[in-house]
Amino acid sequence: MITPSMGNLNVGHHHGVKVNVLAGDQLFAFAGDQGQAARVMLLADSNAHVIPTFDHPMDYAVAISEAVIQQFTRTGINGSINVNTMLGWRHNGTTACCVFEGAMQPRLLDADHFYVALGSGKLSADPFIRFVVDTFCTAGQPSVREAVFLATWVVQHVIDTNSGGVAPPIRMVTIQDVGGQFVARQLPVEEIGEHQQAIESAAEALRTWRDNFQNGAGEEPAAEPPPVPQ
């Protein structure tokens, strides 16, 4: 959903693309002001060629942040930056993902902090993200396929519970190792639909557990563990 406004008053509900694959297999997503986000996207798209010149992913992220802030300042935006973005890219044989929060301040995601929600759905998304991460990511970062499933579930949850700010269809982009080469792509509707069906399967499994629990199956004493070989 893209919501135009007059001051602090939302005046519309439009559909638009908010995730993209950019030049150099970069991933881009945004929340907030559409016009400001478009300028960030254009800047990243036109500077993909300089990524290999940076020693560390944060150096590229800072360069993007500095360039955006300077450009906004020249056109009078100054302290009223109203866009949160995410950018993912290939970097020297690996990948990086950065969220630009507040006034375009970069924060790299890592193995211990690998998820974030942006935009008007954040209040609904964050508690549910905590649930799915605690349930499915006990061993650390999920695989790309598992992450797509969990992201689909989170976005669907937000659509269902925060209908005034987030709307279908779900769109998603990924970057993953394909034959030793990191490749970015936009997921087709059919693939996202498979994950939505998997969500219903997970819900059905929980309902089956509930039924078994209500029938007393969950009250049976646990079996004694087998003896440890001596």
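Please read all numbers here as calculations on a predicted model, not as lab measurements.

(A) Main features of the pattern of salt bridges. The final tally for this structure, using the stated rule, is 8 salt bridges. For Asp25, the salt bridge is made with Arg90, and the minimal N-O distance between the two is 3.4 Å. Remark: Arg90 occurs in strand β5 (residues 83-91) and Asp25 occurs in the loop between β3 (19-22) and β4 (26-32); sequence separation between them is 65 residues. Ionic pairing is found between Arg185 and Glu191, a salt bridge with its closest N-O pair at 2.8 Å. Within the structure, one salt-bridge network assembled from shared partners comprises Glu200, Glu204 and Arg207.

(B) Just the sheet that holds β5, in detail. Strand order in the open sheet formed by 5 strands is β3-β4-β5-β6-β7, and the pairing between neighbours is antiparallel. Of all strands in the sheet, those with a lone pairing partner are β3 and β7 (105-108), marking the two edges. With direction set aside, neighbouring strand axes in the sheet form an average angle of 20 degrees. By the bridge criterion, 4 bridges tie strand β6 (residues 94-101) to β7 in an arrangement that is antiparallel. Looking across to β7, one finds that Val99 is bridged to Arg107. Sheet contacts for helix α2 (residues 57-74): β4, β5, β6 and β7; angle to β7, the most-contacted strand, approximately 160 degrees.

Criteria and cut-off values
- Residues numbered from 1 in each chain as written.
- Predicted model: local features only at pLDDT ≥ 70, side-chain atom pairs only at ≥ 80, totals over all residues.
- Heavy atoms only, no water.
- Salt bridge = Lys/Arg side-chain N within 4 Å of Asp/Glu carboxyl O.
- Helix = DSSP H or I, 4+ residues; strand = E, 2+ residues; numbered from the N terminus.
- Pairing = 2+ DSSP bridges.
- Axes fitted to C-alpha atoms, helices over the stretch in contact; angles between N-to-C directions.
- Contact = heavy atoms within 4.5 Å.

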